[in-house]
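# Fold and contact review
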Amino acid sequence: DAKTTQPPSMDCAEGRAANLPCNHSTISGNEYVYWYRQIHSQGPQYIIHGLKNNETNEMASLIITEDRKSSTLILPHATLRDTAVYYCIVLNSGSARQLTFGSGTQLTVLP
Amino acid sequence: GAVVSQHPSRVICKSGTSVKIECRSLDFQATTMFWYRQFPKQSLMLMATSNEGSKATYEQGVEKDKFLINHASLTLSTLTVTSAHPEDSSFYICSASAPRGMNTEAFFGQGTRLTVV
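Conventions used here
- Residues numbered from 1 in each chain as written.
- Chains lettered and ligands numbered in written order.
- Predicted model: local features only at pLDDT ≥ 70, side-chain atom pairs only at ≥ 80, totals over all residues.
- Heavy atoms only, no water.
- Helix = DSSP H or I, 4+ residues; strand = E, 2+ residues; numbered from the N terminus.
- Rg over C-alpha atoms; globule rule 2.2 N^0.38 Å.
- Buried < 20%, exposed > 50% of the residue type's maximum accessible area, 1.4 Å probe, protein only.
- Contact = heavy atoms within 4.5 Å.
- Areas by Shrake-Rupley, 256 points an atom, 1.4 Å probe, with all protein chains shown as cover.
- Lys, Arg positive; Asp, Glu negative; His and termini not counted.
- Charge placed at Lys NZ, Arg CZ, Asp CG, Glu CD.
- Pairing = 2+ DSSP bridges.
- Disulfide = S-S within 2.5 Å.
- Core = buried A, V, L, I, M, F, W, Y, C linked by side-chain atoms within 4.5 Å.
- Axes fitted to C-alpha atoms, helices over the stretch in contact; angles between N-to-C directions.

Within chain A, the regular secondary structure consists of 0 helices and 9 strands. Each helix and strand of chain A, placed in order from N terminus to C terminus, yields the pattern β-β-β-β-β-β-β-β-β. Computed over its C-alpha atoms, the radius of gyration of chain A comes to 13 Å, within 12% of the 13 Å expected for a compact globule of 111 residues. Dimensions of chain A along its principal axes, counting C-alpha atoms only, are 40 × 30 × 25 Å. The buried share of chain A, taken over its 111 residues, is 43%. Intrachain contacts of chain A at a sequence separation of at least 6 include 56% that bridge at least 24 residues. Carbon and sulfur atoms make up 49% of the accessible area of chain A, which amounts to about 5,500 Å² in all. Considering chain A, the positive charge centre built from 8 side chains and the negative charge centre built from 9 side chains are found 2 Å apart.

Rendered as structure tokens:
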């Protein structure tokens, strides 16, 4: 699975959009981009995933660049409960769902 | 989404004793489950892959005789930390994988905080 690079930390004001970047320049054609988050002392929570098209669900939007070498997770209206470590993971669609977690981005939503 | 339940959520044990952690898939059958360990201020590290009806596969550096994994049914995997020592104190998390062709997201338990005193 391709390696990902994320900033170690970001702050965001409550109610504003949080934009979390991820670089995955070595991604291959059949690899998906997954996002998970981990609120302190809890198990990781799935957010969203995509292959090449932009995706949106009730939690977030995922924007993937045309060359697929980077992506951005967007939380449109961040709340204090969105404070967590966000992990961007590149995964072969055929894998058995074992995940390799990098260091992620600590997002702190400020009141 | 699918639910994975982990029990207990928190356990304190004495050094030298063994602790069993359960991971259950509540509304789907999981042929494969994964066990992770997370030390403070670090990311999750995969310890082992638990396969229903067969032996677990351990990551390099993880002692299989110390971390016993049993996956006797399609909804339950257990991790037993044998002869626990203070350095085994950590946050242990399981995840479950549905068979191919179904949802592809990995579903995680809520984690078990183990403290060995």
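Further remarks concern the pairing of strand β2 (residues 10–13) of chain B. Every other side chain in a regular strand lies on the same face of the sheet, so the side chains alternate between the two faces. All names here are of chain B. With burial as the criterion, only one face of β2 is covered, namely that bearing Val 11 and Cys 13; the residues Arg 10 and Ile 12 on the opposite face remain uncovered. Bridge analysis of β2 against strand β11 (residues 112–116) gives 4 bridges, and the strand direction is parallel. Among the inter-strand pairings, Arg 10 is bridged to a residue of β11, identified as Arg 113.

With the rule as written, the count across this model stands at 2 disulfides over all chains. Cys 22 of chain A shares a disulfide with Cys 88 of chain A; S-S distance 2.1 Å. Taking the sign of the S-S torsion, -80 degrees for the link of Cys 22 of chain A and Cys 88 of chain A, the bridge is left-handed. Placement of Cys 22 of chain A in strand β2 (residues 18–23) and of Cys 88 of chain A in strand β8 (residues 84–92) is noted, with a sequence separation of 66 residues between them. Across the disulfide, Cys 23 of chain B is cross-linked to Cys 94 of chain B (sulfur-sulfur distance 2.0 Å).

With that out of the way, let us pick up the nonpolar core. With 25 residues, the main nonpolar core has Val 4, Trp 35, Phe 67, Leu 79, Tyr 92 and Leu 114 of chain B as its most contacted residues. Looking at this core, the elements that each hand over two or more residues are β2, β3 (19–25), β4 (32–38), β5 (45–51), β7 (67–73), β8 (76–81), β9 (90–97) and β11 of chain B. Contacts of Leu 114 of chain B, omitting those with residues within four sequence positions, involve Val 11, Cys 13, Val 19, Val 81, Asp 88, Ser 89, Ser 90 and Tyr 92 of chain B. With 22 residues, the next largest nonpolar core counts Cys 12, Ile 48, Leu 62 and Ala 84 of chain A among its residues.

This part covers the environment of Gln 98 of chain A. Looking at the secondary structure, you find Gln 98 of chain A in the loop between β8 and β9 (105–110). The exposure class assigned to Gln 98 of chain A is partly exposed, which follows from its relative accessible area of 32%. Apart from residues lying up to four places away in sequence, Gln 98 of chain A is in contact with Leu 91 of chain A together with Phe 34, Tyr 36, Leu 46 and Thr 49 of chain B.

What follows concerns unusual backbone geometry. The phi angle of most residues is negative, glycine excepted, and most peptide bonds adopt the trans form. The peptide bond linking His 7 of chain B to Pro 8 of chain B adopts the cis configuration, its omega dihedral lying at 0 degrees. Relative to the helices and strands, Pro 8 of chain B resides in the loop between β1 (4–7) and β2. Even without being a glycine, Ser 41 of chain A presents a positive backbone phi close to 65 degrees. Structurally, Ser 41 of chain A is set in the loop between β3 (31–38) and β4 (45–50). For Arg 68 of chain A, which is not glycine, the phi torsion reads 65 degrees and is therefore positive. Here Arg 68 of chain A shows up in the loop between β6 (61–64) and β7 (70–75).

Now for the sheet that holds β8 of chain A. Residue and element names in this part refer to chain A. Reading across from one edge, β1-β9-β8-β3-β4 is the order of the 5 strands in this open sheet, with mixed pairing throughout. Where the open sheet ends on each side, the last strands, each with one partner, are β1 (9–13) and β4. Averaged over all pairs of adjacent strands, the angle between their axes in this sheet comes to 25 degrees, without regard to strand direction.

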